[in-house]
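This is what each chain is made of:
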Amino acid sequence: MATKAQTTPDNNATLIEVVEVEPTLPPPPSPPSPSRLHRGWHFVKTNLTLAEISGGLGDLGTLIPLLVSLSKTSQVSLSASLIFGGLYNIITGFIYGIPMCVQPMKSISSIALATSMPMQEIVAAGFWVSSITLVLGLTRTIKLINDWIPLAIVRGIQLGTGMNLLIKGCTTILDSRGWDFDHYAWLDNYVVAIAAFGVVLAWYHSKRNWSAIALFGFGLVVAGVRVWALGEGKGQVPKPGFEFPRPFVPTWADFKNGFLKAGLGQ
């Protein structure tokens, strides 16, 4: 409560007005901010939709086929590719808060498959591309390079990459068992290839394309059946284990050939 004095102009009388003042209270304490883990869990619950899950499986149609093809011919290390690819996905996800796709270098992959490039030259080509991209990103000149290079060159490289992969796929199909089903690798024939192509074609214009998941799941079932049928002593059965990536340094010739054969186009 407070008082306020006021003098009237006519008789110099003093009026005293009593004013009631509300007491000033301290502001309520702010609620504790949620932890980073709590915010991350809330973000996952809010944004984990079917579209996000579908996008997370996008590598089934790009990375996995190229990686498996190169690892079967010992052109890349499967363990090193999966370990470091997974680590980079996790690190960039924590830093940027969004998934940063680790896409395969399709130009390098297609040329490596078509020309049977050794592992040393593939590593050297990837080193060249990574180094140049890092320099362009740090100096902010990547947009300048993008403006200088005509779009026709980019489209030509994409067309050549697609043609290389198409030719490699057709060559693999022609080297299969033909129309036969009387071999232990009875699924490696024209019938399965045509059926797989039909599945992809049937879902091509669909709003939800399940072809990659269907073919990948079919491949897992076939692989499981073959492992069960082989059993112990009937063939080479994969076993769980750990293989640490072994480092090696490409030679100057590998750096030269890797850049000229595949790195430059990438």
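First, a word on what this report is: a plain description of the structure on this page.

Basis of the calculations
- Think of each chain on its own: its residues are numbered from 1, step by step along the sequence as written.
- Since the coordinates come from a predicted model, pLDDT governs what is reported: local features require at least 70, and pairs of side-chain atoms require 80 or more to be given and counted, while whole-chain, interface and lining totals use all residues.
- To obtain the side-chain values, all non-hydrogen atoms of the structure were included, while hydrogens and water were left out.
- Comment: elements are numbered from the N terminus, with helices defined as DSSP H or I runs of at least four residues and strands as E runs of at least two.
- Only protein chains enter the accessibility calculation, which uses a 1.4 Å probe. A residue is then buried if its area is under 20% of the maximum for its type, exposed if over 50%, and partly exposed in between.
- For the area figures, the Shrake-Rupley method with a 1.4 Å probe applies, and any residue is considered shielded solely by the protein chains shown.
- To qualify as a nonpolar core, a set must consist of buried Ala, Val, Leu, Ile, Met, Phe, Trp, Tyr and Cys residues joined through side-chain atoms within 4.5 Å.
- Any two residues having at least one pair of non-hydrogen atoms within 4.5 Å are treated as being in contact.
- Every axis in this analysis is a line fitted to C-alpha atoms, fitted for helices over the stretch in contact. Angles between the N-to-C directions lie between 0 and 180 degrees.
- Oblique is the label for any angle not covered by the other classes, which are roughly parallel (under 35 degrees), roughly antiparallel (over 145) and roughly perpendicular (65 to 115).
- When residues are sorted by character, Ala, Val, Leu, Ile, Met, Phe, Trp, Tyr, Cys and Pro go into the nonpolar class, Asp, Glu, Lys and Arg into the charged class, and all the rest, Gly among them, into the polar class.

In terms of helices and strands, the chain carries 11 helices and two strands. Along its sequence from the N terminus, the chain presents helices and strands in the succession β-β-α-α-α-α-α-α-α-α-α-α-α. Within the chain, the proportion of its 266 residues that are buried is 16%. Accessible surface computed for the chain: about 20,700 Å², of which carbon and sulfur atoms make up 68%.

Within the largest apolar cluster, 13 residues are counted, with the highest numbers of intra-cluster contacts made by Leu70, Val76, Ile108, Ala112, Met117, Ile122 and Ala262. Elements with a contribution of two residues or more to this core: α3 (63-72), α5 (106-115) and α6 (119-139). If one sorts the elements of this core by residue count, α5 sits on top with four residues. Discounting chain neighbours no more than four positions away, the residues touching isoleucine 122 are Gln75, Val76, Ile108, Ala112 and Met117.

Glancing now at the packing of α6 against helix α11 (residues 252-263). Between α6 and α11, whose axes approach to 7 Å, the crossing angle comes to 70 degrees. The angle between α6 and α11 places the two elements in the roughly perpendicular class. Touching Gln120, Glu121, Ala124, Ala125, Phe127, Trp128, Val129 and Ile132 of α6 are Asp254, Phe255, Asn257, Gly258, Phe259, Lys261, Ala262 and Gly263, all from α11. Here the residues of the contact of α6 with α11 are counted per class, giving nine nonpolar, four polar and three charged.

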